[in-house]
Amino acid sequence: MASTEASSQSLQQVLCFALAGEAYALPILKVREIQAQATITRIPKAPPYMPGVINLRGAIVPILELRHRFSLGDAPEDTRPVIVIVEVQGRTLGIRVDSVSDVLDLDPSAIRPAPELGTQSALGREFIAGLASLPGATGAESMLILLDLDRLLSDGELMALESATV
Amino acid sequence: MSDAMAQFRDAFFEEATELADGMEATLLSMDLASVEVEDLHTLFRAAHSIKGNAATFGFPAVASFTHQLESTLEPVRQGTRPMTPDLRELMLQGVDLIRSHLHHARREEPLPAKEQQLQEMLVAKLQEDATAAPLPPPAPDMQTPARSVAMKGGRGFSIRFEAPTDSFRRGINLERLFRDLAKLGTLQIWPDLTRIPAFEQMDPEDCHLAWDIRLETAHPQIDVDDIFEFVAEGDNLRIQPLSPEGTVPTLGEILQTEAGVSPADIREALSQQKRLGELLVDMGKVKPEAVNKALDQQQKKRNQAEASTVRVATDKIDRLVNLVGELVITQAMLAQASQQSNTMQGEEQMSAALLQLDRQTRELQERVMGIRMVPVEMVFSRFPRMVHELGKQLGKDVELVMEGQATELDKTFIEMLVDPLTHLVRNAVDHGMEDKAERLRTGKPAMGTIALRASSRGGHIHIEVKDDGKGLNRDRIYQKALDRGLIQPGSRPSDEELNLLIFEPGFSTVEQVSDLSGRGVGMDVVKQNVRALGGRIEVESQPGRGTLIRLVLPLTLAILDGLTVRVAEETYVFPLASVLESFQTRGTDVQTVKGDREVISLRGEFIPVVRLQRLLTVGSGQETSDRTLLVLVESEGRRAAMAVDELLGQQQVVIKSLETHYRRVEGISGATILGDGRVALILDVPGLMRLEAGAAAVGA
């Protein structure tokens, strides 16, 4: 756990998850719950990164396939994806990730802005709220990518959601 | 205002509107040749209740106008004045005015000038007639025990009185008015001399005086009304209660009492104030269109706020309460059974309780849905008046027969049915019905009949509008459809298809566009609304015998009878209402035209085949078997055969919205949750046909 001595108000709690071997995090306040794999019903003509909907206790909730969104390819056969249910701009949405690991308290001062990334990176800088380095168990530092959920979704599919009344 | 007060006010508006509706119904059903005394009593009571309640809740304008109606009714009730057709029309107009009074009072706005004028004219007419039979003062009334409450006064009144111009000639003793007022309480008077014309134009026998009066009294308004009884004409008298004790008085009121500023000056100052929107436009901060849009929005919000209540019969609620009581008992049973679930007895108890729970949940669901159901009478009730008016306007004798008013419909349906039914009834009277001379010539009774029927049939609600008029002119419809390019030259649509063409946008075969109908706008609305409700329209028409238009609606919006099918590995639901039949065919029965369009010949008719796998882009898109399972669907008179992989069954599904968290998807009308917890999409048949047509157009 990082900087437990800092006052709790200034700490930001994040949910960490893994995607293609990298560690990502979301602000915990946006996360409603975590679901084990559910059957996804495909929506005709939906983009591959938003393939369908699931039944979340009676509500029909769309799923965002983060691997596709970031062009990370299909998950290996042995992964058992989990769905993180988040609330963004009044809508409920499930985000499919490889696995969920931890809830961390981050000191905002430890969050660094993302450096300019090359064009070869599918994960554009605009989706990244910042990077945080975590002291690993062996002393080596590992990096955590903090996602900006609002921008991630407003940039892509949510825009389509808003305007789609054709 | 406190919440409780606001709630009472809402109740007042609802009750007053109902009373007004009641007055209208009574007036219309009245047999003028022999008027039932009980009817008159009913009218009188309704007017009296509206007046009393309006006064209590601080709507003096409503109260004083209703008082006028009531006074007109009094001699009729006493038998000294006959109820003539003219008087009935006046009273009906009066009822309309009460409604618009209520409408505006609810929004806390003054009555618009146009209605003010109408009211003046109406009151003048009522009194004109009344002068023939002198008008006794409103009789003290014992029928409403609410009177003591209703008539309780507030802090006093602010009165604006303009003396009638002929006061001197009529010998009205104006001084006495003030003496009488002074007897009621403390009086402050500001004369208003601004109405006096220039000296050259003045007729010394005319009275141009006006006063602003502030009367502090505990007496009810009716006492003040009585004083002005013989001088009040139209709007020359305005009585407003002073703001009640405890509330903060307006600046104007304080200035009146403390600084002696006259109310006329205050009014003038206020009239120079502009509305917020105008000010902003003047300042160049917003465009006028933006203000108009905002005002529209505000209006919509208000309408929504008004429409959001449902009146539920008490017995429905009682049954719900009972049911919930039973549920609690079942829950206790289950809790107990689960504690001893390892014993034989516990297991038995458990299964019994579960069975009970099953029954109760089902019943609870039905009953809760039932709360949304309201009798169709809510829509029907407006038609007697409408038909009456239409008949009068068009010079046709029309009788309206209504059946099945107690049939219950979802509240949303009721609201969305108002416009379509209005158009249908209006069309039936205006176009369907011949005029009197023609009816007699063709050997029909001069009195035409319009029938409105509602009935519940096997999961559907049928609403029929039937007239005994001349029927649809199918030759003309055919010609018109050709002209408009709705049908191909040389094609031979069936009678049924021709009938349905009248619901196409801009379709009207009437040469003469009348004031009421014939613009071809209304029928389009009918189609749209009915389709939005998941229903369909059927038309039967016989030349010379009349036309029957039937709206077939599902019972409720929330539950749908569906046919579940499998397409590749996905499950979809067809609304059963649009499924005609399903059948299996050999691959060779499906023929290809124009390269890739597939059709199948069914009983001599060529029907396009839609491959759902391809259209919905699921599965491999390759049909392996040489046998094809087809579901024949119909929408808006068009048919298509949808190729599916398996028929899974027929079941009722609960409709869930896709749009709440996702968005609208073309070809999909919603989603539902299957027994195993999976989501299945509900197919939108007209949408699929559009999709297919679009795909074909792109492919061609």
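Let me sum up the structure you'll find in this document. Throughout this description, residue numbers start from 1 for each chain and increase along the sequence as written. As a convention, the first chain written is A and the first ligand written is 1, with the rest following in written order. The predicted nature of this model means local features are confined to residues of pLDDT at least 70 and side-chain atom pairs, given and counted, to a pLDDT of 80 or more, with totals for whole chains, interfaces and linings taken over all residues. Side-chain numbers come from the whole structure's heavy atoms, not from hydrogens or water.

Residue and element names in this part refer to chain B. Each Phe, Tyr or Trp ring, with Trp reduced to its six-membered ring, pairs with another whose centre is within 6.5 Å; inter-plane angles below 30 degrees give stacked pairs, above 60 give edge-to-face pairs, and intermediate values give tilted ones. Tallying each qualifying case throughout the model produces 7 aromatic pairs over all chains. Here the aromatic rings of Phe12 and Phe59 are separated by 5.5 Å at their centres, their planes lie at 10 degrees, and the arrangement is stacked. Of this pair, Phe12 sits in helix H1 (residues 3-29) while Phe59 sits in the loop between helix H2 (37-56) and helix H3 (60-78), placing them 47 residues apart in sequence. When accessible area is computed with a 1.4 Å probe and restricted to protein chains, residues below 20% of their type maximum are described as buried, those above 50% as exposed, and intermediate ones as partly exposed. Judged by relative accessible area, Phe59 falls into the buried class, the value being 8%. Ring geometry for Phe161 against Trp211: centres 6.1 Å apart, planes inclined by 15 degrees, an arrangement best described as stacked. Highlighted residues: Phe161 in strand E1 (residues 156-162) and Trp211 in strand E3 (residues 210-216), separated in sequence by 50 residues. Assigned by exposure class, Phe161 and Trp211 land together as buried. In textbook terms, an aromatic cluster arises when at least three aromatic residues are bridged by ring pairs, as seen for Phe161, Phe178, Trp211 and Phe228. Under the scheme used here, helices are H or I runs from DSSP no shorter than 4 residues and strands are E runs no shorter than 2 residues, and both carry numbers assigned from the N terminus.

The next thing to look at is the packing of helix H8 (residues 174-184) of chain B against helix H9 (residues 221-228) of chain B. Residue and element names in this part refer to chain B. Lines fitted to the C-alpha atoms define the axes, with helices restricted to the stretch that makes contact. Angles between their N-to-C directions range from 0 to 180 degrees. For the pair H8 and H9, interaxial distance at closest approach is 10 Å and the crossing angle is 165 degrees. Taken as axis vectors, H8 and H9 run roughly antiparallel relative to one another. For the pair H8 and H9, the sense of crossing is right-handed. For the pair H8 and H9, contact is made by Leu177, Asp180, Leu181 and Leu184 and by Asp223, Val224, Ile227 and Phe228, respectively. The residue inventory of the contact of H8 with H9, partitioned by class, reads 6 nonpolar, no polar and 2 charged. Our angle categories are set so that under 35 degrees counts as roughly parallel, over 145 as roughly antiparallel, 65 to 115 as roughly perpendicular, and the remainder as oblique. Here a crossing is taken to be left-handed if its near helix is turned anticlockwise relative to the far helix by less than a right angle, and right-handed if that turn runs clockwise. The contact definition used throughout considers only heavy atoms, calling two residues in contact when any of these lie within 4.5 Å. Charged residues are taken to be Asp, Glu, Lys and Arg, nonpolar residues to be Ala, Val, Leu, Ile, Met, Phe, Trp, Tyr, Cys and Pro, and polar residues to be all remaining types, Gly included.

The next point concerns the pairing of E1 of chain B. Walk down a regular strand and you will see the side chains alternate between the two sheet faces. All names here are of chain B. With 6 of its 7 residues buried, E1 lies for the most part within the structure. Between any two strands, at least two bridges found by DSSP are needed for them to pair. Two elements, E1 and E3, share 7 bridges in a ladder whose sense is antiparallel. Bridging across to E3, Phe161 finds its partner in Trp211.

Glancing now at the pattern of salt bridges. Residue and element names in this part refer to chain B. Salt bridge, as applied in this entry: a Lys or Arg side-chain nitrogen positioned within 4 Å of an Asp or Glu carboxyl oxygen. Tallied over the full model, the rule gives 42 salt bridges over all chains. Put simply, Lys183 and Asp180 hold a salt bridge, and the shortest N to O gap is 3.4 Å. Residue Lys183 and its partner Asp180 are located together in helix H8, separated by 3 residues, close to a single helical turn. Residue classification places Asp180 among the buried residues on the basis of a relative accessible area of 19%. Taken together, the shared-partner salt bridges connect Glu403, Arg453, Glu464, Arg536, Glu538, Glu540 and Arg550 into one network.

All names here are of chain B. Of note, Ala182 is situated in helix H8. Judged by relative accessible area, Ala182 falls into the partly exposed class, the value being 40%. In this structure the C-alpha to C-alpha distance between Ala182 and Leu215, which are 33 residues apart in sequence, comes to 8.1 Å.

Right, let's talk about the sheet that holds E1 of chain B for a bit. All names here are of chain B. Pairing in this open sheet of 4 strands is antiparallel, and the strands run E2-E3-E1-E4 from one edge to the other. If you trace the sheet from one side to the other, it starts and ends with strand E2 (186-192) and strand E4 (237-241), each paired once. Neighbouring strand axes in the sheet, compared pairwise and without regard to direction, differ in orientation by 15 degrees on average. For E2 and E3, the ladder comprises 7 bridges, and the chain directions are antiparallel. By the bridge assignment for E3, Thr186 is matched with Glu216. Strands E1, E2 and E3 of the sheet are contacted by H8, whose axis makes an angle of about 15 degrees with E3. Sheet strands touched by H9: E1, E3 and E4. Its angle to E1, the strand with the most contacts, is close to 20 degrees.

All names here are of chain B. On the surface, Leu193, Ile196, Phe199 and Met202 cluster together into a nonpolar patch covering about 410 Å² of accessible area. If you trace the backbone, Phe199 turns up in the loop between E2 and E3. For Phe199, a relative accessible area of 71% puts it in the exposed group. Patch membership is restricted to residues that have no salt bridge and whose relative accessible area is over 30%. Joining uses 9 Å for like charges and 5 Å for the nonpolar side chains Val, Leu, Ile, Met, Phe, Trp and Tyr. Surface exposure here means Shrake-Rupley accessible area, sampled with a 1.4 Å probe, where a residue is shielded only by the protein chains that are shown.

What follows concerns the interface of chain B and chain A. Tallying the contact residues gives 25 residues for chain B and 25 residues for chain A. Counting the surface lost from both chain B and chain A, the interface buries some 2,100 Å², and carbon and sulfur atoms represent 59% of this. Taken together, the links from chain B to chain A amount to 0 salt bridges. Here a polar contact is recorded for every N or O atom pair within 3.5 Å, except that within protein the pair must consist of a potential hydrogen donor and a potential acceptor, and residues adjacent in sequence are included only if both atoms are side-chain atoms. Put simply, chain B and chain A have 2 residue pairs in polar contact (both at pLDDT 80 or more) between them. Secondary-structure elements contributing two or more residues to the side of chain B that touches chain A are strand E13 (570-575), strand E21 (668-673) and strand E22 (679-683) of chain B. In terms of residue count, the dominant contributor to the side of chain B that touches chain A is E21 of chain B (3 residues). Buried area is understood as the total, over both parts, of accessible area removed when two parts are fitted together, assessed with a 1.4 Å probe.

All names here are of chain B. Leu174, Leu177, Phe178, Asp180, Leu181 and Leu184 are the residues of H8 that are buried. In a view along the axis of H8, the buried residues occupy a sector of 160 degrees, so they form one face of it. For H8, the exposed residues lying more than 90 degrees away from the buried face are Glu175 and Lys183. In this structure, the buried residues of H8 make contact with E1, helix H7 (167-170), E2, E3 and H9. Along the arc lie the directions from the helix axis toward the C-beta atoms.

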